[in-house]
Structures are given as structure tokens and as C-alpha cells.
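# Chains, contacts and geometry: an overview
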Number of protein chains: 2
Amino acid sequence: MSTDITLRPIGRHDIPQVLAFIRDLARYERLEHEVLASEQDLSEALFGEPRYAEVVFACLGPKPVGFALFFHNFSTFKGRPGIYLEDLYVQPEMRGRGIGRRLLEWLARTALERRCSRLEWAVLDWNAPSIAFYESLGARPLDEWRTFRLTGSALEQLGRRESPDS
Amino acid sequence: MSTDITLRPIGRHDIPQVLAFIRDLARYERLEHEVLASEQDLSEALFGEPRYAEVVFACLGPKPVGFALFFHNFSTFKGRPGIYLEDLYVQPEMRGRGIGRRLLEWLARTALERRCSRLEWAVLDWNAPSIAFYESLGARPLDEWRTFRLTGSALEQLGRRESPDS
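Residues numbered from 1 in each chain as written. Chains lettered and ligands numbered in written order. Predicted model: local features only at pLDDT ≥ 70, side-chain atom pairs only at ≥ 80, totals over all residues. Heavy atoms only, no water.

Moving on, we come to the sheet that holds strand β2 (residues 54-60) of chain A. In space, the seven strands of this open sheet follow the order β1(A)-β2(A)-β3(A)-β4(A)-β5(A)-β7(B)-β6(A), with mixed pairing throughout. Two strands close off the open sheet at either side, each with one partner strand: β1 (5-9) and β6 (140-141) of chain A. Where β2(A) meets strand β3 (residues 63-75) of chain A, seven bridges bridge the pair, whose relative direction is antiparallel. Note on β3(A): the bridge partner recorded for A:V55 is A:L69. With respect to the sheet, helix α5 (residues 152-159) of chain B is in contact with β5 (118-124) of chain A together with β7 (145-151) of chain B, its orientation differing from that of β7(B) by roughly 75°. (Pairing = 2+ DSSP bridges. Helix = DSSP H or I, 4+ residues; strand = E, 2+ residues; numbered from the N terminus. Contact = heavy atoms within 4.5 Å. Axes fitted to C-alpha atoms, helices over the stretch in contact; angles between N-to-C directions.)

Here it is in C-alpha cells:
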């Protein structure tokens, strides 16, 4: 059970723990080599102006054991913002207690409070346990959509073309 | 050629045209029945506080002929925001002039100016001409990820559970 777990938004002093969780999650996703973020980056993004994202911690007593990092997206069809969950992570030894579900409930409640039309997130296609869990909550995959990403030298090449626009 | 096309951020007086473009795009995507947005919704999202999204118009002379609506997402691995392109649309009679490419160039340039790590968007999997165009720009599909969405009654059910959190 998760009744001994509390959720709370983070403060600036939690930044090192956020970065530690991001690295833990990357390791689980077999993507640890891709983590370039620094504490300074996270401090600017989570507490700067503009603020690009928000974080909530799940804690056992005072100890953070999981987190969710999210930001707002926007549905032009609904005309309303949504919440996009970028990262959800619970420490391995704390799994099976409903902590991930508690974090998702918190996000769903926050979405309703902010008049958001939906809550979305992505999962790696080999992560069958998570997919089964998400489907049990009533989430549906958007499998008719493909996401494209432009980054690195391809982004720089497109963005640095000569253009008549100021 | 697109040399007679200019790009400009929108003002509040452009909201009716934004909504008209959103409806045109929905018709092209065979999703017109899903458009619930009002001018009031868009005015709040594009010019309210917080601002949830931004729009740039492509114009032939004074006449808007296409648009892009975007917002910021955030990469925890990069520690940097990105730009997410939610809608890109060019009027059918204006296609083939490089206007979509001009809008993407503007977005890529804006991403670089704002120190964003990437530019992302989604495309319907049957839209082969667009997919070929995006790949020609160096964009890569994130096909190992599946996006899940929780909305409507499933969102309300999860968000309204009893919880010990305040």
C-alpha cells in the first residue's frame, strides 16, 4: 500500500535529487549516455523565467523515492492546455506499492484543477509492464501518429539558412 | 518560390484566422468533428497568463496563407527546452511554393535563438508526402516510443480518487 507515501512539489534544494532520479531513469531506459543535464540547467528550467517544467516528489517519510516531471502542451482542437508527463520514476526497491499510480493520480487531479483537456506521456515500446499498467488506467495509445525529431546538426542546418525574414 | 512570402508572429486581431486555419487543418486530417476550440479559448491560450502556445503566420502580401502553432517542451536528458510544433498548415492552393519549409526554418531558427535542443512534431502515419518531406530535412522518427493519452471520463476518474494528499 502507499498510505505512508506523501507527494509534494519540489523546492530549489531538491535539484540534486531530481538530477539523480533523471540519471536513474536513463539507466533503466538504457539511455544513460544521453544525460547531459546539469543542476544549473534544471534550476533554470524548473525555477527560472520562463519556467519550462514542474516536478513533484513521492516521499517515504522525508525521503524522496520517486518523481514526476511534467509541462503543459496545448490541444488546438480542444482549445485547452494539457499536461505532458516527461518522466515518471519510482526507485526499484519501492515498486509494487502503488507509488506510480499515486503520481499519475496527482497529475490527473492537477490537470482537472487547471482545466486541462488531457494527460499524455510516451513509453518505450518494449516496456510491456508499464504499457499494461497505463492501459488499465484507461489511457489509449496514439498509434496512428508518428513523432519526428530534428536535432543536432540537422536542426542547425535548417535554422541557419539565409532567409528574407527578420 | 517563396520569396514573396513573409512570416510574422500573430496579434490578437488574428485569432479568428487562427481558428479558421485550425478547422481547415482538421478537415485535411479527417478530424473536423473534434474541433471544440473557440476564439475565447485561443485568445486565453495565446495571449493570456500563462501563455500556453505561440503562432506564426505565413503571408502572401497581407493575406495569411499558412500558420504554425507551437509551444515549449523540455528534455530532461538534455536539460534544455525544445520546441514542439503542434500544427503546421498551408492552404491547398498555396502548396508547392516552399511555404511549409519556410515555417519550419523559422521554427528551427527560433529554437536555436532560444537555446532549445530540438524541434519535434507528430504526423499521421498515412501522410506519406509529409513524412518524406520531414525526412528530407534530416528529421528522424521516434518509432520506439508509444504515446499514451488519458482524457475524458478516464482522466476524471483517475483525478477524482480519494487521496491523502492535500
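Text resumes after the structure shown.
Turning next to the packing of helix α5 (residues 152-159) of chain A against helix α3 (residues 99-113) of chain B. Two elements in contact, α5(A) and α3(B), have axes whose closest approach is 7 Å; the angle formed by their N-to-C orientations is 115°. In terms of their interaxial angle, α5(A) and α3(B) are classed as roughly perpendicular. In this structure, α5(A) meets α3(B) at a crossing whose hand is left-handed. Note on element contacts: α3(B) touches α5(A) through B:R101, B:L104, B:E105, B:A108, B:R109, B:A111 and B:L112, opposite A:L155, A:E156, A:L158 and A:G159. (Parallel < 35°, antiparallel > 145°, perpendicular 65-115°, else oblique. Left-handed = near helix turned anticlockwise from the far one by under 90°.)

Turning to the relation of the copies chain A and chain B, a few remarks are in order. Mapping chain A onto chain B is achieved by rotating through 180° and translating by 0.0 Å along the same axis, at an RMSD of 0.0 Å. Interpreted geometrically, this transformation is the action of a two-fold axis. The C-alpha atom lying nearest the rotation axis in chain A is that of A:N73; the distance is 3.6 Å. Interface overlap between copies is the fraction of interface residues in one copy that are interface residues in the other; for chain A against chain B it reaches 99%, indicating a shared surface. (Least-squares fit on C-alpha atoms with pLDDT ≥ 70 in both.)

Evaluated as defined, the whole model comprises 22 salt bridges over all chains. Residue A:E32 is joined to A:R27 by a salt bridge in which the shortest nitrogen-to-oxygen separation is 3.1 Å. You can call A:R27 partly exposed: its relative accessible area is 45%. The shortest N-O distance in the salt bridge between B:E105 and B:R101 comes to 3.2 Å. With B:E105 and B:R101 both in helix α3, this residue pair falls four residues apart, about one helical turn. Put simply, A:D24, A:R27 and A:E32 are held in one network by salt bridges that share partners. (Salt bridge = Lys/Arg side-chain N within 4 Å of Asp/Glu carboxyl O. Buried < 20%, exposed > 50% of the residue type's maximum accessible area, 1.4 Å probe, protein only.)

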